[in-house]
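# Working through the structure, step by step
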Amino acid sequence: MERQSFPFTTRAEFLQHLSSCIARAEHTLTMFDPDFHIWELGASSTDAQLRHYLKNGGRLQLAAHEGRAVERDAPRFLRLIKDYGHLVEVRRTSQQLRQLTDSFCIADDRHIVRRFHADHFRGEAVFDGPEDTQTSAERFLTIWLESAPGLYANSTGL
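Residues numbered from 1 in each chain as written. Predicted model: local features only at pLDDT ≥ 70, side-chain atom pairs only at ≥ 80, totals over all residues. Heavy atoms only, no water.

Moving on, we get to the overall build of the chain. Along its length, the chain carries 5 helices and 8 strands. Helices and strands in the chain line up, N terminus first, as β-α-β-α-β-α-α-β-β-β-β-α-β. Judged by the C-alpha coordinates and their principal axes, the chain covers about 40 × 35 × 25 Å. Burial status across the chain gives 51% buried among its 158 residues. At a minimum sequence separation of 6, the contacts of the chain that also span at least 24 residues come to 75%. Put simply, the chain shows about 8,000 Å² of open surface, and 49% of that area lies on carbon and sulfur atoms. (Helix = DSSP H or I, 4+ residues; strand = E, 2+ residues; numbered from the N terminus. Buried < 20%, exposed > 50% of the residue type's maximum accessible area, 1.4 Å probe, protein only. Contact = heavy atoms within 4.5 Å. Areas by Shrake-Rupley, 256 points an atom, 1.4 Å probe, with all protein chains shown as cover.)

Now for the side chain of aspartate 33. Along the chain, aspartate 33 turns up in the loop between strand S2 (28–32) and helix H2 (44–55). Reaching out from aspartate 33, the side chain makes a polar contact with the side chain of tryptophan 39 at a distance of 3.1 Å. At a separation of 2.5 Å, a polar atom in the side chain of aspartate 33 contacts the side chain of serine 103. Here aspartate 33 is in contact with Trp39, Ala63, Ala64, His65, Asp102, Ser103, Arg115 and Ala118, once residues within four sequence places are set aside. (Polar contact = N/O pair within 3.5 Å; in protein donor to acceptor, adjacent residues only side chain to side chain.)

The next subject is the pattern of salt bridges. All told, the structure shown has 13 salt bridges when counted by the stated rule. The salt bridge involving arginine 115 is made with aspartate 33; its shortest N-O contact spans 2.8 Å. Of the two residues, arginine 115 is situated in strand S6 (residues 111–115) and aspartate 33 in the loop between S2 and H2; the sequence distance between them amounts to 82 residues. Exposure class is identical for arginine 115 and aspartate 33. Each is buried. Among the ionic pairs, arginine 68 bridges to glutamate 66, the shortest N-O distance being 3.6 Å. Relative accessible area serves as the criterion here: at 57%, arginine 68 is assigned to the exposed category. For glutamate 66, a relative accessible area of 18% corresponds to the buried category. Three or more residues joined by partner-sharing salt bridges are found here, namely Arg3, Glu131 and Asp132. (Salt bridge = Lys/Arg side-chain N within 4 Å of Asp/Glu carboxyl O.)

Where S2 lies against strand S3 (residues 59–64), 5 bridges are found, and the strand directions are parallel. Of the residues in S3, the one forming a bridge with phenylalanine 32 is alanine 63. Each parallel crossover has a hand, and the one from S2 via H2 to S3 is right-handed. One ladder, built from 5 bridges, connects S3 with strand S4 (residues 88–93); its direction is parallel. (Pairing = 2+ DSSP bridges. Right-handed = clockwise from strand over helix to strand, strands pointing away.)

Take a look at the structure:
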């Protein structure tokens, strides 16, 4: 496949590209956002996509600074964690990482949707561009290693 790049500036464009990224995932999905409040993780369409992905053996890793928005607004996502707990890991960042303000989703180290700052919608989606995911993938690994488990389907606390 040939690399495709799409800049975006609106919530609708972000959500459209995020959906495309999730749909392309086969093995790994890694996601980072300060709180995932605009990701619509609790939407029925996102739930269906993630369930299909996990049912086919995919693995999902999320890292966030806090999870109140997910706990409050995404009961479907909490059920997904309960149903697929063996394939989903969620971590809460350490205090030292709380200054991080970017936001991204990486699928199979080939596709990425990233917002340059979590308070804004300006960003870029790149599909079939493994070289475009490297910096964010390395960043995610660092975030992951410096984070602790959080957000369980039966308790609060991401």
